[in-house]
Amino acid sequence: MKRWLAFLIVFLLGTQAGMVGSVSGDLSLLTDGGQTDRIDRPLVLWSSLNDGRVLTVDNEGNVSVNTFNNGVLSTQWTVFLEVDANNARLDDAQELVTIAHDTGAYVVQMSTQTVYWNITTPDPVDDAALDKEGELWLVYYAGKRRADQYDTTGFTGISSTTISSGISAFEILNDGRVAIASYNKKIYVHGGDGTLTNTLSEPNGIVSSLVEIDNNTLLAGTTGGTLYHYNSDTWASASLGLGHTKQTTSITAYNGMYVVGAKQGKTTFIDQTNFSVLETFTASGDIIATVPEFTGQFFAIGTTPTETKIRYFDLDSDQDGVNDLNDAFPNDATQTVDADDDGYGDNPNGNQPDVFPNEPTQWADTDGDGYGDNVAGEDPDLFPNNADQWADADGDGYGDNSDGQDGDVFPQESTQWADTDRDGYGDNPEGFKPDSCPTVNAFSSLDRYGCPDSDLDGYSNPDENWTVDDGADALPSNPSQWLDGDGDGYGDAGDGQSPDACPWEFGTSTKAVSVDPNSTKGYTSVPSLGCLDEDGDGYVDRTESPLMDIDPNEHFDGDGDGVGSNADYDDTRGFIQTEQDHCLNDKNDTSEACMGWNDPAYQAYVNSVDEGTLVLGYNAWNTSKDNPQGGDSTLASVDEDTLNQVIMVGLVAFVGLTALILGVAFIMSRRKEAATTKEYGGVRPGMSSDAAKEALEGRGGMSAAGGIISDASWDDDVAQLNFEEEPDGFDDMAMKSEGDLADAGSMTYEEESIEAIAGVEAEAQAAADPEPSSATPERPSEAPPLPEGGLPDGWTMDQWQWYGHEWLEKYGKN
């Protein structure tokens, strides 16, 4: 009723003005009256019919005829197509409706409310329009990028040229020509046969709408808010800026004006005569149509991707600058807007202000915390008198603002709310993940929550109330270990730091023996923690050689002789265990040590030294023999290494010179002996001739003088000297015990036979056996008679029994 009263007032005012006031003059009096209706789907076509009804086509291609009263649309009938509609048009006779969709095009007949024509195509059809001859043009904005002509039998073979830049708008002129706008900012005009006749290059933007107003007027609206006016006969053009930069979405004409709809609700009225802007209004959505009223008001139809809104531009009853349809409180000048339609005005200084103007379920906020008092509304304040709290997500009675009064530190956990030590675990021992150490800020999380965890592995440190048996960390300083089943200090996790190689047994080992033939020791040490090591040498007992597991100083016995490699002088040979073994078995080793072991006198010295007294090295001892009184008193102060070096050099020089002197003396002695033998018959000058006395005293042959001289001694040539080393008698002595070696005086040497000295043995053998024989000579059954002077010097009775007859033959006649 109020609306009709407003219409009447405007009508009377217009009549009083002489009934000749132009619509353009009334536009300035209009304001946005607000939304009158809403359709829950976007429309692609709104067209007013001659009978006052409205034809609509929605985005699903459904064709409806509706009544439109007081800004409200009411559907009368609908032809349901259920397709993805891209565009729709009504022919000039208002009988046929074309619907372009993603799989083709439909033509619906209004009078029969049925599908009159259906064309299926493989490509989406962006627009479809009937020409004056009844042929249907299908337009492909992308893909084919052209317009194809169809009749009821199919494709006629007529097409426009292909627009390589793509198509942005399409229109069929009254004379059958086809106008196609492109994304290259040009308009291509084709004849009815599809031949390109004109190219219009005036637009400075992409043309988004093409509409023929009358037989010689073509309007083109761009995406940048510019309108072009073309004379379709001469193609003369004019352009007009609309005062905004929004894309044109619709163009209509009525009552001497062009009405241009655009995106974001822009609706511009243009004087046709002067081609100038009269007024621009802002509605909502993309304007697809305007519905004028005879009194000057109008409805703007705007669509969004999800809906269609109808807005009315009308009067202002309370004179607050907002028309009645747009004024939520048309009779309250202090309030005009109620954005959430909850009955409370958005003006905070007006009557009954809405504290939450965009939330229809809230309007009051007693404690001023920004949350509404209506507990049934959106985001209600569950603590309306506590400005610090408003929400309680877990319903435990403590507010979710943990820093406020009665704050919940665990807003999503109803069993916890306080956390004294702020470590993330709640104080309630009966709640979820309770803090076992509520006054200690700590972060254990596996065996118990919130207790000290030094190595941050999740397991807490043991204490008097929580031991390793309860699950505490057995190794609290090792982040990769926490269990130690055998309690030896090494963790059970094999991939952790310092893992226990024997987690089933208590052990103190740190390494194991690994046989390695490439190692000079015959083995290498590999880490092995926590295994049995009874001798405390750090090695796993089971990896040590037999008997080495009970000796802390030994680990490996390579030669299996029962002596460990540390003590074994040579662990590769079972019969060599000590340095002595080595020296006595290797006569080629002339090192000081071996020389000492091979010298019985030195060994006797070593054994005679009192415990605690310095034992001289072999070379030093050898030197001290020549200086028994100690020699130079500074000797003791000389560095032992230097002394040893000097002794070694001197010894080598001494041995060399001695060998040379002895060699020369030996040669000369042999020559002299040969000459003496020829001259004296084997008695050397200067030697004792009392052989009988030596024999009676048991020293027979010691003087080496006298005896039988073999015939070989009388040869002119001296026998070749034999420089081969004679056995020294020490080999057997070296194997004696230290007790035997201590008695140096008991050592004996093998005596050279008198036969060898006299040369008789060789001569007798040669005379008896001219040729070599392996037969052993027999002992004579009795000795020959003694000479008058008794046994010759140096002879024994045994020798006389064997060789006395030869002596008698040579010397008895004298």
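Details of the structure are given in the entry above.
Owing to the predicted nature of the structure, the values given are computational and were not obtained by experimental measurement.

Student: How should the overall build of the protein chain be read in this particular structure?
Tutor: For the protein chain, the count of helices and strands is 13 helices and 30 strands. Burial analysis of the protein chain (814 residues in total) assigns 40% to the buried set. Counted over contacts in the protein chain with a minimum sequence separation of 6, partners at least 24 positions apart contribute 31%. Within the structure as shown, the protein chain displays about 43,500 Å² of accessible surface, and the carbon and sulfur contribution to it stands at 51%.

Student: Explain the pattern of salt bridges here, please?
Tutor: Where charged atoms of side chains with opposite charge meet at close range, the side chains can pair. Using the criterion set out here, one finds 16 salt bridges in the structure. Here glutamate 307 ties to arginine 38 by a salt bridge, and the two come within 2.3 Å at their closest N and O atoms. Highlighted residues: glutamate 307 in the loop between β27 (298-303) and β28 (308-314) and arginine 38 in strand β1 (residues 31-39), separated in sequence by 269 residues. When its relative accessible area of 12% is taken as the criterion, glutamate 307 is described as buried. Beyond isolated ion pairs, a larger network of salt bridges with shared partners links Arg38, Glu307 and Lys309.

Student: In this structure, what is going on with the packing of aromatic side chains? I would like to understand it.
Tutor: The description of an aromatic ring pair uses the distance of the two centres, along with the angle that the planes make with each other. Overall, the coordinates contain 21 aromatic pairs when judged by the stated rule. Look at tyrosine 425 and tyrosine 449: their rings are 5.3 Å apart centre to centre, the planes differ by 35°, and that puts the pair in the tilted class. In this pair, tyrosine 425 is assigned in the loop between β28 and β29 (511-515) and tyrosine 449 in the loop between β28 and β29, connecting sequence segments 24 residues apart. A relative accessible area of 14% places tyrosine 425 in the buried class. For tyrosine 449, a relative accessible area of 24% puts it in the partly exposed group. The positively charged end of lysine 144 is found above the aromatic ring belonging to tyrosine 140, 4.7 Å away from the centroid.

Student: It is not clear to me how the sheet that holds strand β6 (residues 85-90) should be interpreted in this structure. Could you clarify?
Tutor: Sheet strands line up and pair through hydrogen bonds in the backbone, either parallel or antiparallel. What the four strands build is an open sheet, ordered β6-β7-β8-β9; its pairing is antiparallel. Two strands lie at the open edges of the sheet, namely β6 and β9 (114-120), each paired on one side alone. Between one strand and the next, the sheet's axes are offset by a mean angle of 15°, whatever the strand orientation. Bridge count for β6 against strand β7 (residues 96-101) is five bridges, and the pairing is antiparallel. By the bridge assignment, leucine 90 is partnered in β7 with valine 97.

Student: What is the right way to look at the state of the cysteines in this model?
Tutor: A covalent bond between the sulfur atoms of two cysteines is what we call a disulfide. Counting across every chain of the model gives three disulfides. Here cysteine 437 connects covalently by a disulfide to cysteine 451, the sulfurs 2.0 Å from one another. Residues cysteine 437 and cysteine 451 are joined by a disulfide whose S-S torsion is about 95°; by sign, that bridge is right-handed. Placement of the pair is cysteine 437 in the loop between β28 and β29 and cysteine 451 in the loop between β28 and β29, with a sequence separation of 14 residues.

Student: Can you help me understand unusual backbone geometry in this one?
Tutor: Even without glycine at this site, asparagine 255 takes up a positive phi of about 50°. The topology assignment puts asparagine 255 in the loop between β22 (248-254) and β23 (257-262). One non-glycine residue, phenylalanine 275, lies in positive phi territory at about 50°. Mapping phenylalanine 275 onto the fold places it in the loop between β24 (266-271) and β25 (276-282). Phenylalanine 275 sits in the buried class, given a relative accessible area of 15%.

Student: What's the story with the nonpolar core in this structure? I'm lost.
Tutor: When a protein is soluble and globular, its nonpolar side chains tend to lie buried together. Of all hydrophobic cores here, the largest spans 18 residues; its most connected members are Leu55, Val57, Val63, Leu81, Val97, Ile99 and Met110. Secondary-structure elements contributing two or more residues to this core are β3 (54-58), β4 (63-69), β5 (72-79), β6, β7 and β8 (104-109). If one sorts the elements of this core by residue count, β6 sits on top with three residues. Residues contacting leucine 55, with those up to four places away along its chain left out, are Leu45, Trp46, Ser47, Leu49, Val63, Ser64, Val65, Leu90, Val97 and Met110.

Student: So what exactly am I meant to see when it comes to a negative patch on the surface here?
Tutor: Together, Glu60, Glu82, Asp84 and Asp102 line one region of the surface with negative charge. Following the sequence through the fold, aspartate 102 ends up in the loop between β7 and β8. Judged by relative accessible area, aspartate 102 falls into the partly exposed class, the value being 31%.

Student: Even after reading the chapter, I still don't get the sheet that holds strand β16 (residues 187-190), so can you show me in this structure?
Tutor: Across the sheet, which stays open at both edges, the four strands sit in the order β14-β15-β16-β17 with antiparallel pairing between neighbours. Two strands lie at the open edges of the sheet, namely β14 (167-172) and β17 (196-200), each paired on one side alone. For this sheet, the mean inter-axis angle between neighbouring strands, taken without regard to orientation, is 20°.

Student: What should I look at first to understand the side chain of arginine 311 in this one?
Tutor: On the secondary structure map, arginine 311 appears in strand β28. There is a polar contact of 3.0 Å between the side chain of arginine 311 and the side chain of aspartate 32. Setting aside residues no more than four positions away along its own chain, arginine 311 makes contact with Asp32, Gly34, Gln35, Thr36, Ala283, Ser284, Phe298, Phe299, Ala300 and Asn326.

Student: Just checking my understanding: could you explain the pairing of strand β18 (residues 207-214) for this structure?
Tutor: Each regular strand shows side chains that alternate between the opposite faces of the sheet. In terms of strand pairing, β18 meets strand β19 (residues 217-222) through six bridges, oriented antiparallel. Bridge pairing in β19 places aspartate 214 opposite threonine 217. In this antiparallel pair of consecutive strands, β18 and β19, the connection spans two residues.

Student: Explain the pairing of strand β20 (residues 226-231) here, please?
Tutor: Pairing geometry for β19 and β20, over five bridges, is antiparallel. Bridge pairing links threonine 217 to asparagine 231 in β20. Here β19 folds back onto β20, and the loop between the two strands holds three residues, one of which, glycine 225, carries a positive phi near 85°. Looking at chain direction, β20 and strand β21 (residues 237-241) are connected through five bridges and run antiparallel. In the sheet register, histidine 229 faces β21, and the bridge partner there is alanine 238. Hairpin connection from β20 to β21: five residues lie between these consecutive antiparallel strands, with tryptophan 235 at a positive phi of about 60°.

Calculation criteria
Residue numbers here run from 1 along each chain, matching the order of that chain's written sequence. In view of the model being predicted, local features appear only for residues whose pLDDT reaches at least 70, and side-chain atom pairs are presented and counted only at 80 or more, with totals across whole chains, interfaces and linings using the full set of residues. Hydrogens and water are ignored here; the side-chain numbers use all heavy atoms of the structure. For the purposes of this entry, the term helix denotes a DSSP run of H or I that reaches at least four residues, the term strand denotes a run of E that reaches at least two, and both are numbered from the N terminus. Here the term buried applies to any residue with accessible area under 20% of the maximum for its type, exposed to any over 50%, and partly exposed to those in between, with areas from a 1.4 Å probe on protein chains only. Two residues qualify as a contact provided that any one of their heavy atoms is within 4.5 Å of a heavy atom in the partner residue. In these tables, accessible area is a Shrake-Rupley quantity obtained with a 1.4 Å probe, and a residue counts as shielded only by the protein chains included in the view. Each salt bridge in this description consists of a side-chain nitrogen of Lys or Arg and a carboxyl oxygen of Asp or Glu lying within 4 Å of one another. Only the six-membered ring of Trp is used, alongside the rings of Phe and Tyr, when aromatic pairs are assigned; centres must lie within 6.5 Å, and planes under 30 degrees apart are stacked while those over 60 apart are edge-to-face, with the rest tilted. Geometrically, a lysine NZ or arginine CZ counts as sitting over a ring once it is within 6 Å of the ring centre and also within 35 degrees of the ring normal. The rule for pairing is simple: two strands pair if DSSP sees at least two bridges between them. Each axis is a line fitted through C-alpha atoms, and for a helix only the stretch in contact is used; angles between axes span 0 to 180 degrees, taken between their N-to-C directions. A pair of cysteine sulfur atoms is labelled a disulfide when the two atoms are within 2.5 Å. To define a nonpolar core, start from buried Ala, Val, Leu, Ile, Met, Phe, Trp, Tyr and Cys residues and group those joined through side-chain atoms within 4.5 Å. A residue counts toward a patch only above 30% relative accessible area and without a salt bridge, and it is joined to like-charged neighbours within 9 Å or, for Val, Leu, Ile, Met, Phe, Trp and Tyr, to nonpolar neighbours within 5 Å. Asp and Glu are treated as the negative residues and Lys and Arg as the positive ones, with His and the ends of the chain left uncounted. Taken as the charge centre is NZ of Lys, CZ of Arg, CG of Asp or CD of Glu, depending on the residue. Under this definition, polar contacts are N or O atom pairs within 3.5 Å; protein pairs additionally need one hydrogen-donor-capable and one acceptor-capable atom, and for neighbouring residues in sequence, both atoms have to be side-chain atoms.

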